[in-house]
Amino acid sequence: MTAQARPWLAPTASGAVSGVVRLPGSKSMTARALVLAALAGEPSVVERPLRARDTELMAAGLRALGVGVDTSSDERWVVEPGPLRGPARVDVGLAGTIMRFLPPAAALAEGVVEFDGDPHARNRPLRPIVEALRALGVAIEASASGGLPLTVRGAGLVEGGEAVIDASGSSQFVSGLLLSAPRFTKGLRLRHEGPPVPSAPHLRMTTHMLRAAGAVVDESVPDVWAVEPGVLRGRTWVIEPDLSGAAPFFAAAMVTGGSITLAGWPAESWQPVGRVTELLTALGAEVTQSAEGLTVRGTGSLRGITADLSEVSELTPVVAALAALADGPSELRGVAHIRGHETDRIAALAAELGKAGADVTEFPDGLRIVPGAPRASSFETYADHRMAHAAAVMGLAVPGIALTDVACTSKTLPEFPELWAGLVARS
C-alpha cells in the first residue's frame, strides 16, 4: 500500500445495477497503435485512445526516443515519426506493454536507451525478449534476473533474421518483436518453443494491426511468425472500447440482475468478444450485440464454471470474484503466466477471496473456488488494477469490502471509482 493510499469502501448494491457505460479505448490497441505509428514512414492519428498511466508512459517513452506524440486532445493523438535516437531514459511504470514493446524499437535507435520502472516491474519477466534481441545482434544489458533495469545500445538498425523464443510467460514477448520487425533489415522469422503461448487473441490483434499498417505477416505455421521488411504506413487508428476494462461493469449486471451496455462497440472487433461472450454466458449472463452496443444482462443466477482462461487471462480476477459469489464451485485454469503480471494474481486472489469467505485452492495455473459465507474484509489490491476490479465486484454483494488502494485503477481507467460508485448508487 502506497503512502498516499486510503482505504476505499466498495459500494454495496441495493438493487439491479443498470445503465450505459462509455469506456475509454482499449489499452492493448492504443499501445500497439502508438508503436506502429512511431515506426511508420509518415504521420498517424490515434482516435479515441485510452488516456491512462500505461498509455501516457508509452507516449512519453516514444517522445524520449525522438518521436513526436501530441496527446493534448483527449479524442485525437497525433504521432509524427522521427529518427529514433538516444541517449534516452524510458519509465515503464508497471506496464508490460512498454517493457516488452519498446526495447525492440530502442534497438533501432542510434544511441543508448535505458529502461526502468516501478519496484515490482523489476520482477516481471523479460528474459525471453532480451535473449531473442541478443540473438538478432542487439547489444543489451539486463539485470541478473534478465529483466529491468535494462540498457539497449542501439546501433541505428537491427539486421533481423531468425530467432527462437519461449513466449509461454507472455504473448507480449512475441508482439513486442513483431511490431518492430518490419523495420529490421531482413525482417523477422520468429519461432516459439515451449508450453503454449497464452492470450492468443492479443497476438491476433498484433498481426491484424501490423497488416493494417501495410506489413506482410505470415502466421500460417503454428508457433511461427514471419514478418517481411518494409515501410509501415501512417494511418488513422480508431481505438475500440476496452473489453477487459468493461468486465467489472458487466459483472455488476450479473451479480445484481441488472443490465449494462458498453456503448460504441464495433460490429467487427479485434478483441476476443466471442470468447468473453461464451464465458459470461456460462456464468449465467445473457449477452447481446446491437447498434446501441454490447449488452450483458444478469439472469438472477450466477453459476459455477470450469473454464480454461488462457485466451482471456486479463478477466481472471473479475471471473474469480463472480465465482466466489456463484451457486457452486468453479475451477479456473490455464493462467500460470498471470503470476508474472502486476502481482502474482493467482496467489493474490487466493488470499483475498479467502479473507472474504470463499474456500480457495491454488494450482500452479489457476484456482478452485468454493463459495462460502461472505464476510467483510480488508481487500489488498497489490497496486494491481484488476485486483481492485475484483474487490469492487465482491463489494456489490458483500457489505464491508474495503480496498486498501483504489487509486491503482488509474493504470487503465482513472475515473473508475467515480464511475463505479455512480452506477451502484443508481441501483
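Fair warning: this is a prediction, and the values are worked out from it, not measured in the lab.

**Student:** Please set out the overall build of the protein chain residue by residue, giving values where relevant.
**Tutor:** Within the protein chain one finds 12 helices and 23 strands. Principal-axis analysis of the C-alpha atoms gives the protein chain an extent of 60 × 45 × 45 Å. In the protein chain, the proportion of contacts linking residues at least 24 apart, taken out of those at least 6 apart, comes to 73%. For the protein chain, the accessible area works out to roughly 15,500 Å², and carbon and sulfur atoms hold 52% of it. Of the charged side chains in the protein chain, 37 are positive and 45 negative; the average position of the first set lies 1 Å away from that of the second.

**Student:** So what about the pattern of salt bridges? Which residues, and what values?
**Tutor:** Taken as a whole and assessed by the stated rule, the structure comprises 26 salt bridges. Between Asp54 and Lys27 there is a salt bridge, with the nearest N and O atoms lying 3.7 Å from each other. Taken together, the residues span a long stretch of sequence, with Asp54 in helix H2 (residues 53-64) and Lys27 in helix H1 (residues 27-38) at a distance of 27 residues. When the shortest N-O distance is used, the salt bridge between Glu56 and Arg51 registers 2.8 Å. The class for Glu56 is partly exposed, based on a relative accessible area of 28%.

**Student:** If you had to explain the packing of H1 against helix H6 (residues 200-212) to someone new, which residues and values would you point to?
**Tutor:** Remark: H1 packs on H6, axes separated minimally by 11 Å, with the N-to-C direction vectors making an angle of 35 degrees. Crossing handedness for the pair H1 and H6: right-handed. Together, Ser28, Met29, Arg32, Ala33 and Leu36 of H1 and His202, Met205, Thr206, Met209 and Leu210 of H6 make up the contact between the two elements. Grouping the constituent residues of the contact of H1 with H6 by class yields 6 nonpolar, 3 polar and 1 charged.

**Student:** Please set out the environment of Gly293 residue by residue, giving values where relevant.
**Tutor:** Here Gly293 is to be found in strand E17 (residues 293-298). Judged by its relative accessible area of 1%, Gly293 falls in the buried class. Sequence separation between Gly293 and Arg183 is 110 residues, and the spatial gap between their C-alpha atoms is 37 Å. Among all residues touching Gly293, those that are not within four sequence positions of it are Thr261, Leu262, Trp265 and Thr288.

**Student:** Summarise the nonpolar core; cite the residues concerned and give the values.
**Tutor:** Within the largest apolar cluster, 76 residues are counted, with the highest numbers of intra-cluster contacts made by Met58, Phe115, Leu188 and Trp237. Broken down by element, this core gets its largest block of residues, 8 residues, from H1. Residue contacts for Met58: discarding those within four places in its chain leaves Ala31, Leu34, Val35, Thr97, Ile98, Phe101 and Leu102. With 74 residues, the next largest nonpolar core counts Ala252, Ala253, Leu279 and Leu322 among its residues.

Basis of the calculations
Residues numbered from 1 in each chain as written. Predicted model: local features only at pLDDT ≥ 70, side-chain atom pairs only at ≥ 80, totals over all residues. Heavy atoms only, no water. Helix = DSSP H or I, 4+ residues; strand = E, 2+ residues; numbered from the N terminus. Contact = heavy atoms within 4.5 Å. Areas by Shrake-Rupley, 256 points an atom, 1.4 Å probe, with all protein chains shown as cover. Lys, Arg positive; Asp, Glu negative; His and termini not counted. Charge placed at Lys NZ, Arg CZ, Asp CG, Glu CD. Salt bridge = Lys/Arg side-chain N within 4 Å of Asp/Glu carboxyl O. Buried < 20%, exposed > 50% of the residue type's maximum accessible area, 1.4 Å probe, protein only. Axes fitted to C-alpha atoms, helices over the stretch in contact; angles between N-to-C directions. Left-handed = near helix turned anticlockwise from the far one by under 90°. Nonpolar A, V, L, I, M, F, W, Y, C, P; charged D, E, K, R; others polar. Core = buried A, V, L, I, M, F, W, Y, C linked by side-chain atoms within 4.5 Å.

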